Amino acid sequence: MSNDEDPFQCFGEESDSEHDQESALFMLNELNERRNNLVLQANERISNRANEISERHHTDKRQDDAKSIPCEDLPKPVILPFSRPLYMGPMRIVESTEVGGNRGYIATQDLEPGTLLLVEKPIFEWPEEQIGRELGLVSIQALLRQECAMDLLKDMQQLYPTKEKVDIVFRKEGNDSSRVDSSLSRDEEIQISDMVKLMEMQFKGSKEIEATITEAKHCGIQVDEIDVYRILLVMRYNGFGSGLYLHFSMFNHDLDANCIKFQPDGSSGVSDMEDRYSEVRTTKFVKRGHPLTLDYLDPREQSHATRRRYLWDQHRFDIGSEDSIKNPQLRQMYAVHGLYPPSSIDSIDFHAPTYHVESALKELEEQLLEAKNSWSVMSSKFRQEAVQDILNLFEHASILCEASLECILAAEEQLGNPCHVLLIRCYQLYLNSAELILQIGFEYGHTSCHSNLRSNHVHTIMAKFVTTCHKLLPLQLRLHGNDHPDIARTNHDLANMINSMLSQSPKSLYDSNIEEYSSFGKCQVMEAKYMREFRRIDALYPKDTKLKVAQYQNDKAKSVTLL
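Not measured: the values here are computed from a predicted model.

**Overview of the overall build of the protein**
Per the secondary structure count, the protein includes 17 helices and 10 strands. The buried share of the protein, reckoned over its 563 residues, is 49%. Of the contacts formed within the protein by residues at least 6 apart in sequence, a portion of 74% connects residues at least 24 apart.

Written as structure tokens, this is what we have:
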């Protein structure tokens, strides 16, 4: 879900009433004090676990001295009343203090990179009127209108914050605040109370909340304001860009995630399957008993300040300062001019270099997305009368390409760190812009005499494409490890572009001032190396989702028959 503002922002506008403003200010001060205590406690837990996490970063897990946890010593699985997904791999949900959020997936056997872990359809996709807006009550109203709304709400009771725990906090008999429930810690009670109070500050007494409760009654569903706030929190803290999932929501976050979630394309054989679905695969070797994690951010390459604020707003946990990143290689990717900028869970430093770089990236990325969408429409329905529109789009793409180069130069200067994580997005922005220009040029250039479509201009773009990929690849390896799909794509792009340049304009490649590309023979060696690495990684992620799902469903059906 794309939004100019954080779609999961939990804070509303200030009240127009002076009395309400004073009350809200008092409540905010109290909430801030409670929140700060929770943050300190959370950071302490993060610090205790960070050394173990850092030992797992960018190392060959097969060479790791640590032993896999014996199967009989694994924590007992937590059985949740969810409908079965399309596919579930060798993992289980456990409750353990060693797992983030005290609940999450662990591997039940050693897992190779590319192992399929989960295939699942969303139980609810965001309505069209929600797209591009802050995630709000309009989505709850759309959910209530679903024929299976009661079943959806029942499933959502198990997602954080669970109905059981919210009820403990807000529906205690006689409002006895001294009552202690063993299933809810004091920290959790304070956190849940604070989250719901923030919802009250935003929606209480509003027409939106009244409309939502009225919609529920019309659909024969009894809910009150507390229920509505909990449902919205569940959506905000567990939702993905494509919708709300049950089993996916059980994955915990990690900066050094070992899994990736993505929507398969038609090449993986899912285009003819009923409804949309997503899948999760490992991107690293994971030992039995170790947590399975995703990176909640998209794009992943964001400053530490942005990551910290986003994860607090959306998921209500604080990752702490950069000091919590114990792995030196990863930590260095967030330094600015050798220092680690201060960060906060609830404020933005508008003067920070990372803020300016991210703002520029966001604007250019949105413009590029619009241009790519326009080209997709034009190329699929080419008409002679659309020639001028295509030419205008080419000009716009060329401007974006130049702007992305300026963005790279500005970012390199402002960040003062040749391996900063934001440079990955800068380089990718140029590569995607250049790719669009080359697509238009190759498909349309032969029919036009436009100067920028001539071969010398195209060859300059191709040479810059190679040098940019050359700078991007080591940063991706540093961030993702050796077996990530992004590494495969960059190797593939390098191999193909070098091959094209050797046949069209090898001198442009020799003149790139990169030793590895200074002669025909060296270019051939590098081309073969990149293609070999692409094929190695690509083989880790076989296009077997449809087959795996069919086998899994068949096995489950047989087991039910035997019972």
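Read on for the rest.
**Description of the sheet that holds strand E1 (residues 87–88)**
The pairing of strands in a sheet happens through backbone hydrogen bonds and is either parallel or antiparallel. The four strands are arranged E1-E4-E9-E8 in an open sheet whose pairing can be described as antiparallel. Taken across any chain shown, the strands that pair with only one partner, and hence form the sheet edges, are E1 and strand E8 (259–262). Sheet analysis places E8 next to strand E9 (residues 278–282), joined by four bridges and oriented antiparallel. Counted as the bridge partner of Cys259 is Thr282 from E9.

**Quick look at the pattern of salt bridges**
A complete count under the given rule lists 20 salt bridges for this structure. Note that Lys284 is salt-bridged to Asp256, the shortest N-O span being 2.1 Å. Pair noted here: Lys284 is in the loop between E9 and strand E10 (293–294) and Asp256 is in the loop between strand E7 (252–253) and E8, with a separation of 28 residues, a long-range link. Judged by its relative accessible area of 9%, Lys284 falls in the buried class. A single network of salt bridges, built from pairs that share partners, joins Glu129, Arg145 and Glu215.

**Quick word on helix H4 (residues 163–170)**
Residues spaced three or four apart along an α-helix face the same direction, because each turn holds 3.6 residues. Of all the positions in H4, only Val166, Asp167, Ile168 and Val169 are classed as buried. For H4, the secondary structure elements touched by its buried residues are helix H5 (186–203) and helix H7 (225–238).

**A closer look at the pairing of E9**
Counting buried residues along E9, five of its five residues qualify, which places the element largely inside the surrounding structure. Along E9, one buried face is formed by Ser278, Val280 and Thr282 and the opposite face, lined by Glu279 and Arg281, is buried too. Taken together, the four bridges between strand E4 (residues 116–120) and E9 define a ladder with antiparallel strand orientation. Bridge pairing links Val119 to Glu279 in E9.

**A word on the nonpolar core**
Generally speaking, nonpolar side chains in soluble globular proteins are found buried as a group. Ranked by internal contacts, the top residues of the largest apolar core, which has 67 residues, are Val466, Ile498, Leu509, Tyr517 and Tyr530. Counting only elements with at least two residues in this core, the list comes to helix H10 (353–380), helix H11 (387–415), helix H12 (421–444), helix H13 (455–480), helix H14 (485–504) and helix H16 (520–540). Ranked by residues supplied to this core, first place goes to H12 with 14 residues. Among the nonpolar cores identified, the runner-up in size contains 66 residues, and Leu80, Tyr87, Leu153 and Phe203 belong to it.

**Observations concerning the environment of Gln367**
Assignment of secondary structure puts Gln367 in helix H10. Once the C-alpha coordinates of Gln367 and Leu400 are considered, the two residues, 33 residues apart in sequence, prove to be 7.9 Å apart. The contacts of Gln367, once residues within four sequence positions are left out, are His396 and Leu400.

**Concerning helix H3 (residues 149–156)**
If you check which residues of H3 are buried, you get Ala149, Leu152, Leu153, Asp155 and Met156. Each buried residue of H3 lies within a common arc of 160 degrees when the element is viewed along its axis, so the set occupies one face. Among the exposed residues of H3, those oriented more than 90 degrees off its buried face are Met150, Asp151 and Lys154. On its buried side, H3 packs onto helix H2 (137–144), H7 and strand E6 (243–244).

**Quick notes on the packing of H10 against H11**
It is at 10 Å that the axes of H10 and H11 come closest, and there the two elements cross at 160 degrees. Relative to H11, the element H10 is oriented roughly antiparallel. Crossing angle aside, the handedness with which H10 passes H11 is left-handed. Along the lines of polarity and charge, the residues of the contact of H10 with H11 split into 16 nonpolar, six polar and one charged.

**Some thoughts on the packing of aromatic side chains**
In total, this model carries nine aromatic pairs according to the counting rule given. For the ring pair Phe124 and Trp126, a centre distance of 6.0 Å and an interplane angle of 85 degrees mean the geometry is edge-to-face. Relative accessible area serves as the criterion here: at 9%, Trp126 is assigned to the buried category. Seen in terms of ring centroids, Tyr245 and Phe248 are 4.9 Å apart; in terms of plane orientation they differ by 85 degrees. Their pairing is edge-to-face. One exposure class covers both Tyr245 and Phe248, and it is buried. Taken together, Phe240, Tyr245 and Phe248 form an aromatic cluster joined through their ring pairs. The positively charged end of Lys261 is found above the aromatic ring belonging to Phe240, 4.9 Å away from the centroid. Lying across the ring of Tyr340, Arg331 places its NZ or CZ 4.0 Å from the centre.

**Structural notes on the side chain of Thr108**
By the element assignment, Thr108 lies in the loop between strand E3 (103–107) and E4. Of the polar contacts made by the side chain of Thr108, one reaches the backbone oxygen of Pro90; its length is 3.1 Å. When near neighbours in sequence (up to four residues on either side) are disregarded, Thr108 contacts Leu74, Pro90, Met91, Arg92 and Arg288.

**Describing the confidence of the model for the protein**
In this model, the protein carries a mean pLDDT of 82, and residues with pLDDT of at least 70 account for 78%. Highest mean pLDDT in the protein belongs to H16 (97); lowest belongs to helix H1 (residues 18–55) (51). Scored below 50 in pLDDT, residues 1–19 makes 45 contacts in the model with residues more than four places away or belonging to other chains. A low-confidence stretch, residues 45–66 stays under pLDDT 50, and its non-local contacts, those more than four residues away or across chains, total 37 contacts.

Criteria and thresholds
Residues numbered from 1 in each chain as written. Predicted model: local features only at pLDDT ≥ 70, side-chain atom pairs only at ≥ 80, totals over all residues. Heavy atoms only, no water. Helix = DSSP H or I, 4+ residues; strand = E, 2+ residues; numbered from the N terminus. Buried < 20%, exposed > 50% of the residue type's maximum accessible area, 1.4 Å probe, protein only. Contact = heavy atoms within 4.5 Å. Pairing = 2+ DSSP bridges. Salt bridge = Lys/Arg side-chain N within 4 Å of Asp/Glu carboxyl O. Core = buried A, V, L, I, M, F, W, Y, C linked by side-chain atoms within 4.5 Å. Arc of directions from axis to C-beta. Axes fitted to C-alpha atoms, helices over the stretch in contact; angles between N-to-C directions. Parallel < 35°, antiparallel > 145°, perpendicular 65-115°, else oblique. Left-handed = near helix turned anticlockwise from the far one by under 90°. Nonpolar A, V, L, I, M, F, W, Y, C, P; charged D, E, K, R; others polar. Phe/Tyr/Trp six-rings, centres within 6.5 Å; stacked < 30°, edge-to-face > 60°. Lys NZ or Arg CZ within 6 Å of the ring centre and 35° of its normal. Polar contact = N/O pair within 3.5 Å; in protein donor to acceptor, adjacent residues only side chain to side chain. pLDDT = per-residue confidence, 0-100.

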